[in-house]
Amino acid sequence: MGILVTTTDNDSLKALKQGIDTLKSHPQFEVVAQMIQSAHDTPDAALPHTIYSVDLKDLASGNGLAATQVVGHRYLAKSADGTHFAIEVHQDKKTAKHHLGEVARGNMVDGVQQILDDPLLKEKLSGADFTLSTLRINALGIHALWFHADNPVTDIIIGIPLTPPYLESWPRTYNREEFETAVRDAAKQKLEVNHAAFV
């Protein structure tokens, strides 16, 4: 078993560096700047991974996760007091340019770290190598860890608490088909509500 760290591209690293330079001019962000600096200097230690998103129309129509798009990269960090942070570099849809998007903490970030630290995860991922990524469906309030296998059929997706009622969180795991089935009706309903609001 192995969680394969994704390769951090130069554009992502440049965005981190630009963010550091900006934050350094504001003393109140010194701790944040130091964490980003650490992620920039030793990215592998920050477990860099890709952030994916997918449109409701694709979820509702059956295209599902095959239609996901890369929207950025995430790095995991911890401050001196033990607080967990997620450092995100976002990629502009139109220009494809990278920029420091946010430095977040809280329940979602803690949930990610708890899953990654849970010994049960090793059992769930046994027998194959996986590439870690994040799947974000903002319109449905879903954040998930997505472990890509060589064969997409055996991908593993884990909902990060708190999840909507129709999607169970860790320690439940989903394969691609199960996940797509679990969220399809919610995507359709959301689209209908959105459509009705503009009629």
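Further up the page is the structure itself.
Residues numbered from 1 in each chain as written. Predicted model: local features only at pLDDT ≥ 70, side-chain atom pairs only at ≥ 80, totals over all residues. Heavy atoms only, no water.

**A look at the packing of aromatic side chains**
So, point 1. Enumeration according to the criterion identifies 2 aromatic pairs in this entry.
So, point 2. Judged by centre distance (6.4 Å) and plane angle (85 degrees), the rings of Tyr174 and Phe179 are edge-to-face. An identical accessibility class is assigned to Tyr174 and Phe179; each is buried.
So, point 3. Directly above the ring of Tyr174 sits Arg172, whose terminal nitrogen or CZ lies 3.9 Å from the centroid. (Phe/Tyr/Trp six-rings, centres within 6.5 Å; stacked < 30°, edge-to-face > 60°. Buried < 20%, exposed > 50% of the residue type's maximum accessible area, 1.4 Å probe, protein only. Lys NZ or Arg CZ within 6 Å of the ring centre and 35° of its normal.)

**Points about the nonpolar core**
So, point 1. The biggest cluster of nonpolar side chains holds 20 residues, and the ones touching the most others in it are Leu135, Ile137, Leu140 and Phe179.
So, point 2. Breaking this core down by element, the ones donating at least two residues are helix 3 (56-61), strand 6 (129-137), strand 7 (142-148) and helix 6 (176-197).
So, point 3. It is helix 6 that provides the largest number of residues to this core, a total of 5 residues.
So, point 4. Counting 18 residues, the second largest nonpolar core, distinct from the first, contains Leu125, Ala149, Ile158 and Ile160. (Core = buried A, V, L, I, M, F, W, Y, C linked by side-chain atoms within 4.5 Å. Helix = DSSP H or I, 4+ residues; strand = E, 2+ residues; numbered from the N terminus.)

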